[in-house]
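The chain contents come next:
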Amino acid sequence: MDVTLTIRRFNPEQAQDPFWQSFEVSVEPTDRVLDALHTIKWELDGTLTFRRSCAHGVCGSDAMRINGRNRLACKTLVKDVDAGKAITVEPIKGLPVLKDLVVDMEPFFAAYRSVMPFLITDGHEPTRERLQSQADRERFDDTTKCILCAACTTSCPVYWNDGQYFGPQAIVGAHRFIFDSRDTGGAERLEILNDREGVWRCRTTFNCTDACPRGIEVTKAIQEVKRALIFR
């Protein structure tokens, strides 16, 4: 089938404003949007710039807005795109665009680092494995699935309009350790998220949950962190 991909292009070395450019490509209905982008880059316009790595929905590097929704290009089939033979592709919102579909991820990762996304323990190095029950592990299992694609954070209307907001992913990253029975840094993380630009900025629009390619219940995780702050 022949499809039209209309891509939001931006090259700061050539112009200050972005522009839209359309490409006609022939694809199979079961091809992914990433395959169509590869066809454009390899056969039609080598200057097209976008990120991708594993191409199997694990690395999270090819998150972009496809027909107005945050998705991974490697997991979105052409036949499943709402508009059928007309596909619009643009960079994820809320982060500075460097070129074409590539955004500056540093603000996103800065928010992630600020919640201390690593295990914190007290005392000396243990002499044996820190054991954890299956029930304790299941308490935070959902938020361990995050692949840092930024699809949830850049689908958030609050994040679009407030560059200081931590964003959904940073809260998910904190959730994964706050509810880990082996961790002792939960109180410190909760205090960080209690900031005016922290968890209370969430407006529960569920955009983040809808955008997550891993099916994480992001909004639920945010509500659990709010509840932990109230009852700590």
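Everything discussed here concerns the structure shown above.
One structure accompanies this document, and this report is about it.

Here is what the cut-offs are and how they apply
Residues numbered from 1 in each chain as written. Predicted model: local features only at pLDDT ≥ 70, side-chain atom pairs only at ≥ 80, totals over all residues. Heavy atoms only, no water. Pairing = 2+ DSSP bridges. Helix = DSSP H or I, 4+ residues; strand = E, 2+ residues; numbered from the N terminus. Axes fitted to C-alpha atoms, helices over the stretch in contact; angles between N-to-C directions. Contact = heavy atoms within 4.5 Å. Buried < 20%, exposed > 50% of the residue type's maximum accessible area, 1.4 Å probe, protein only. Lys, Arg positive; Asp, Glu negative; His and termini not counted. Salt bridge = Lys/Arg side-chain N within 4 Å of Asp/Glu carboxyl O. Polar contact = N/O pair within 3.5 Å; in protein donor to acceptor, adjacent residues only side chain to side chain. Core = buried A, V, L, I, M, F, W, Y, C linked by side-chain atoms within 4.5 Å. Patch = residues over 30% accessible without salt bridge, like charges linked within 9 Å, V, L, I, M, F, W, Y side chains within 5 Å. Areas by Shrake-Rupley, 256 points an atom, 1.4 Å probe, with all protein chains shown as cover. Parallel < 35°, antiparallel > 145°, perpendicular 65-115°, else oblique. Left-handed = near helix turned anticlockwise from the far one by under 90°. Nonpolar A, V, L, I, M, F, W, Y, C, P; charged D, E, K, R; others polar.

### Looking at the sheet that holds strand β5 (residues 86-90)
- Reading across the sheet, the 5 strands line up as β2-β1-β5-β3-β4 and stay open at both edges, with mixed pairing between neighbours. Either end of the sheet is taken by a strand with one partner, and the two such strands are β2 (19-26) and β4 (69-72). Neighbour to neighbour, the strand axes of the sheet diverge by 35° on average, direction disregarded.
- Pairing of strand β3 (residues 63-66) with β4 involves 4 bridges; the strand directions are antiparallel. Bridging from a neighbouring strand, A63 pairs with L72 of β4.
- The strands that helix α1 (residues 33-44) touches are β1 (2-9), β2, β3 and β5; relative to β2, the one it contacts most, it runs at about 100°.

### A closer look at the side chain of D62
- Along the chain, D62 turns up in the loop between α1 and β3.
- Buried D62, no salt bridge; nearest opposite-charge side chain is R32, N-O distance 6.9 Å.
- Among the polar contacts listed, one links the side chain of D62 to the backbone nitrogen of C74, at a separation of 2.7 Å.
- Among all residues touching D62, those that are not within four sequence positions of it are L34, R51, R52, R71, L72, A73 and C74.

### Description of the pattern of salt bridges
- Under the definition given, this model contains 16 salt bridges.
- Among the ionic pairs, D80 bridges to K79, the shortest N-O distance being 3.4 Å.
- A relative accessible area of 42% means that D80 is categorised as partly exposed.
- Linking R113 and E106 is a salt bridge whose minimum nitrogen-to-oxygen distance equals 2.4 Å.
- Take E106: its relative accessible area is 39%, and that puts it in the partly exposed class.
- Salt bridges linked by common partners bring D162, R196, E197 and R201 together as one network.

### Details of the nonpolar core
- By size, the foremost hydrophobic cluster in this structure holds 62 residues, and its most contacted members are L5, I7, L37 and L193.
- Here L193 is in contact with V115, F166, I171, A174, I178, G198, V199, W200, V225 and L229, once residues within four sequence places are set aside.

### Considering a nonpolar patch on the surface
- There is a patch of nonpolar side chains on the surface, built from W200, I230 and F231 and spanning about 370 Å² of accessible area.
- A relative accessible area of 57% means that I230 is categorised as exposed.

### Quick look at the pairing of β3
- Of the two faces of β3, both are covered, the one formed by A63 and R65 as well as the one formed by M64 and I66.
- The turn joining β3 and β4, which pair antiparallel and follow one another in sequence, is formed by 2 residues; a positive phi near 50° is taken by N67.
- Examined bridge by bridge, β3 and β5 share 2 bridges and lie antiparallel to one another. Bridge pairing in β5 places I66 opposite V89.

### Describing the packing of helix α5 (residues 168-178) against helix α6 (residues 186-193)
- The geometry of α5 relative to α6 is characterised by a closest axis approach of 9 Å and an angle of 155° between their N-to-C directions. Relative to α6, α5 is oriented roughly antiparallel. Of the two possible hands of crossing, α5 and α6 adopt the one that is left-handed. Every residue of α6 that contacts α5 at I171, A174, F177 and I178 is listed here: G186, R189, L190 and L193.
- Residues belonging to the contact of α5 with α6 are distributed by class as follows: 6 nonpolar, 1 polar and 1 charged.

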